[in-house]
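# Geometric and topological summary
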Amino acid sequence: MKVTRWEDDATVWSGPFYGDRAIQYQPETGPATIAGQIITCVEKVDWSNSGNRDLLLSSWDACYDGRVFLHPQTGTAEDGAPILGERRLVEGVRGYVTAVRDGERFHLVSASRMRKQIYVFPNIGEPGDPKFGDPVALDLDADWVKGNEYFHLARFHDIDGDGQLELIVGTDCWDDYWPNGLEWNDHGYRAYDAAGRWLGGPLRGYLYVFRNSGTLDKPVLEKGVPVMGGDAAYEVYGQLAPAFGDFSGAGRDDLVCGEFWNILHYGARTGPLSFDPARLISDAAGDPLELDHCIHLPCAVDWDGDGKLDLLVGAEDGYITFLRNIGNGEDGVPRFENRGRVETAAPVVHAGVLPSPAAFDFTGNGRPDLVVGNSAGEILFYENAGGSPPTLKKEVMVKAGGEPIRIAAGLSGSIQGPSEKRFGYTCPTVADWDGDGKPDLLVSDVTGFHRFYKNTGAAGAPSFETCRLLTFEGKPLKTVWRVRPAVVDWLGDGQLHYVCLDEEGVLSDFRRASDTALEDKRRLVFETGDEIRFTVDVGGGRGRAKLCICDWTASGRYDLIVGVHARASLPPGPSGAPRNTTGQAGVFYFENVGSNAAPVFAAPKAMRYRGEVIQMAMHVASPEAVDWEGDGSTGLIVGVEDGSIVWLPRGDLSW
C-alpha cells in the first residue's frame, strides 16, 4: 500500500521576512548551542582548504526552506574540539547536504523528501573559496526493498574498498506504519486498541549502493542494490542516515546509522556490500546510548583531535550532539560518551523546534521574561536582559520537583503512533492559578492532558512542584493535542477560566473550581452562533492551535489571537484559511463582539506583517501578545517552526 504523508507536500516557505525581528541573546552571552532548524543534518567540511573542521548544517526543506549554513572553525578549545564562529548562509543549496572530496575541492550532495532525485551541487569555485553551480539531478533506479521509499540522506563513500566512490542512499518508508494505510487526520483512523497497543506496523529504512562510472560532479550511476545486514537487507526504524569510518581502529570502514527513534546503530563491515546486522551503539558501561530526542543524522569526524573517530549527530530538535569515541569494549565494538550539545561562540537564540512562548515578568524587574515549550517536551526559561530591542540571557531548563521538565509521549501517548515516543510538544501558559501571588505554569502537550505546575521558587529562574493533572467531572481532562491553553479572568473578579480546545476540537471555556478541578464547561461561539472550530480535519488534525486571550484593541473586551498550522481551516470548509489560501501556518485575530460576561467572536481575520499575510511554514505559528519593548504598545512574540522567536511590533501588524 502506497502512503503519502501530508508533510511532504507542504508549501515551501514564502511570504514576509521575519529574520530581522528574531530575538537575540544579550551581547555578552558566551558560547551557546548551535542552532539548526527542524531536523538538522550536520556535516564536517574543510571550507577554506586549510585543514579546519568546519560544520555545514542543513534542514528538512519539506518543513522549512531548506537553507544550508556554514559554521567555520575559528580556533581550537583546550579539549581539542574546534571553536566555531558565526554562521553564514551557503547560497543556492538546499536539502539534507553531505560533502564529497574531489581533489582540492568538495562537492555537495543533497537529498530531499520533496523530490525523487538526489542532487549534486558541483563546486565551481577555487580551492578554499567554494561556489556551487546548478544542481545535477540524479534519477535513481534500484532493486527497492519496498518500492515507495523517500530518499532521506545520501553521501559518496568507497563502501566496497575498490578505490572508487559509490553513491550511498538511506531511505525512509511509511507504507507499513499507518493502520490500514490511514494517516492520523483521516476518517476511520484508529491508532491503538483498548490495551494501548499500536495497530499499525513499523517505520522502515534501508540502505542502497549505486556504483558510479562517471565523475563526482557528473555521476553516471548503475542500478542500485540494497546493502545487506547479515542475511537480509540492512534495516532500521525509518529515516536511515548513514555515516562510515574506522571507528574501532580495525582498519576497515564500518557503518553507523541514525533512525527515527533516539538510538544509533553500528554495523561492522563483513564484505564489499554487507555488514553485521544492526546493533545499538553503547555507552561506556555497554548499555544502549539513548539520545535526547529523535530523527538522528550522524557525521563521522575526529572532533576532539585525539586520533579516534567520533560522531556528531543532528536531530529533529535542531541541536548537534557530540558523541566522543572512548575506545572499544571487550567485544571489539567502539563505545561512545555523550558530551552534550555542540556550541558556537556566536550563538543565535534557538528554543528547540516548534517553540511555544509565554511571557511573564518572573524576575520582578518590569521586563517580561519568556517560558518556552518545544517539540522535545522541554520547557526553557529565558530571562529578559533588557536593551532596545530587548535581548535574552542564556536559557535554562525549567525544573519541577527538582528535575528538568521533559514530557514525552511514550509508545502510546501520541495520536501519530509510537514513532513519536520522544515527542512532547509542550505548550505552556503562565498565570497565578492558585492565587498565592506567584506565576504558575499551565501546560498541555502531545498527550492532550493538561498539567498544573505550582511555582515554588523566588524571583528569577522559576522552579515548580511536580505537575498535577487538571480534571473535569472527576476525570483527568483529555482533549485534542498540542494546544496552548489560555487563562483569563473574564470579569476581573478573581474567578479564573481555562480556555482550550475540547476533545472534539471545539473552543471551550472552563471555570476554575480548585487548583486541579475545572467545572461549568461552555463552548465559545462565533456571532453566527456556530461553535468555534479550527479545521475540517479529524483526529490529530483537530489540535495544534496556540491560544492567546488579550484586550487587543483596548476596547475593554477580551479578544482571541490564535496561531494555527497549515491544514487549519478558518472557517471550516472549502474556503477556510490558511489551508485554502496561503497553505502555511498563520496567526488569526478573533474580535470579541459580545461581552466579557458572554464572549462572542467575529469571523477570524488573518494577521499581516508589513502588509503581507503572516506565513510561517507548516507545523504552527505560536503567538503571545505582550508589551515587549515597555512602551505601552502590545505586539506579538511568535515562536516559529525553525526554533527562532520573533518580535513583531504592533506598528508592523495589521488585521
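For the structure itself, consult the block above.
About the thresholds
Residues numbered from 1 in each chain as written. Predicted model: local features only at pLDDT ≥ 70, side-chain atom pairs only at ≥ 80, totals over all residues. Heavy atoms only, no water. Pairing = 2+ DSSP bridges. Helix = DSSP H or I, 4+ residues; strand = E, 2+ residues; numbered from the N terminus. Axes fitted to C-alpha atoms, helices over the stretch in contact; angles between N-to-C directions. Buried < 20%, exposed > 50% of the residue type's maximum accessible area, 1.4 Å probe, protein only. Polar contact = N/O pair within 3.5 Å; in protein donor to acceptor, adjacent residues only side chain to side chain. Contact = heavy atoms within 4.5 Å. Core = buried A, V, L, I, M, F, W, Y, C linked by side-chain atoms within 4.5 Å. Salt bridge = Lys/Arg side-chain N within 4 Å of Asp/Glu carboxyl O. Phe/Tyr/Trp six-rings, centres within 6.5 Å; stacked < 30°, edge-to-face > 60°. Lys NZ or Arg CZ within 6 Å of the ring centre and 35° of its normal.

Turning our eyes to something else, we now look at the sheet that holds strand β11 (residues 136-139). Taken together, the four strands give an open sheet; going across it, the order is β8-β9-β10-β11, and neighbouring strands pair in antiparallel fashion. Across the chains shown, the open sheet's two edge strands, defined by having one partner strand only, are β8 (96-102) and β11. With direction set aside, neighbouring strand axes in the sheet form an average angle of 25°. Of the strand pairs in this sheet, strand β9 (residues 105-111) and strand β10 (residues 117-121) are connected by three bridges, and their pairing is antiparallel. Residue pairing for β10: Leu 108 is matched across the bridge by Phe 121.

To continue, consider the side chain of Thr 40. Structurally, Thr 40 is set in strand β2 (residues 40-45). Relative accessible area serves as the criterion here: at 0%, Thr 40 is assigned to the buried category. Within the structure, the side chain of Thr 40 is placed 2.8 Å from the backbone oxygen of Gln 37, a separation counted as a polar contact. Excluding residues that lie within four positions of it along the chain, Thr 40 makes contacts with Leu 57, Ser 58, Ser 59, Leu 297, Gly 314, Ala 315, Gly 318 and Ile 320.

It is worth spelling out the nonpolar core at this point. In this structure, Phe 260 and Leu 297 are the most contacted members of the largest nonpolar core, which totals 35 residues. With residues near it in sequence (within four places) discarded, Leu 297 still touches Ile 39, Thr 40, Cys 41, Val 42, Tyr 96, His 152, Leu 153, Ala 241, Leu 312, Val 313 and Gly 314. Within the second largest apolar cluster, 24 residues are counted, among which are Ile 532, Ala 545, Ala 577 and Phe 588.

What follows deals with the sheet that holds strand β23 (residues 274-275). One open sheet holds the four strands; their spatial order is β17-β16-β23-β22, and the pairing between them is mixed. With partners counted over all chains shown, the strands left at the sheet margins are β17 (232-233) and β22 (269-271), one partner each. Pairing between strand β16 (residues 228-229) and β17: two bridges, direction antiparallel. Across the sheet, the residue bridging to Gly 229 is Ala 232, located in β17.

Another aspect to go through is the pattern of salt bridges. Summed over all chains, the structure comprises 48 salt bridges. One salt bridge in this structure joins Arg 610 and Asp 20, with 3.2 Å as the shortest N-O distance. Taken as a pair, Arg 610 in the loop between β57 (608-609) and β58 (612-613) and Asp 20 in the segment before β1 (32-33) lie far apart in primary sequence, 590 residues in all. A relative accessible area of 47% places Asp 20 in the partly exposed class. Three or more residues joined by partner-sharing salt bridges are found here, namely Asp 502, Glu 503, Glu 504, Lys 521, Arg 523, Glu 531 and Arg 533.

Right, let's get into the environment of Asp 361. Mapped onto the fold, Asp 361 is located in the loop between β30 (356-360) and β31 (369-373). Taking relative accessible area as the criterion, Asp 361 reaches 24% and is therefore assigned partly exposed. Spatially, the C-alpha atoms of Asp 361 and Pro 439 are 8.9 Å apart, while their sequence positions differ by 78 residues. Once residues within four sequence positions are removed from consideration, Asp 361 is found in contact with Gly 366, Arg 367, Pro 368 and Asp 369. In this structure the side chain of Asp 361 is engaged in a polar contact, spanning 2.8 Å, whose partner is the backbone nitrogen of Gly 364.

Take the side chain of Glu 624 next. For Glu 624, the location among the structural elements is in strand β59 (residues 622-626). Judged by relative accessible area, Glu 624 falls into the buried class, the value being 8%. Aside from chain neighbours lying at most four places away, what touches Glu 624 is Pro 357, Ala 358, Ala 359, Arg 484, Cys 548, Gly 635, Leu 636 and Ile 637.

Taken together, β9 and the strand that follows it, β10, pair antiparallel across an intervening segment of five residues. Two elements, β10 and β11, share four bridges in a ladder whose sense is antiparallel. Across the sheet, the residue bridging to Gln 117 is Asp 139, located in β11.

In this section: the packing of aromatic side chains. With the rule as written, the count across this model stands at 31 aromatic pairs. When the centroid spacing of 6.4 Å and the interplanar angle of 45° are considered together, the rings of Phe 260 and Phe 423 count as tilted. Here the residue Phe 260 occupies a position in the loop between β20 (254-258) and β21 (264-267), and Phe 423 occupies one in the loop between β37 (403-404) and β38 (427-431), the gap between them amounting to 163 residues. With respect to burial, Phe 260 and Phe 423 carry one shared label: buried. Here Phe 472 and Phe 510 contribute two aromatic rings whose centre-to-centre distance is 5.1 Å and whose plane-to-plane angle is 75°, an arrangement assigned as edge-to-face. With Phe 472 in strand β43 (residues 471-472) and Phe 510 in strand β47 (residues 507-512), this pair connects stretches of sequence that are 38 residues apart. What makes Phe 510 buried here is its relative accessible area of 1%. Site record: aromatic cluster; members linked through ring pairs are Trp 174, Tyr 177, Trp 178, Trp 184, Tyr 189, Tyr 192, Trp 198, Phe 260, Phe 423, Tyr 425 and Trp 481. For Lys 116, the ring lying beneath its charged end belongs to Phe 151, and the centroid distance is 5.2 Å.

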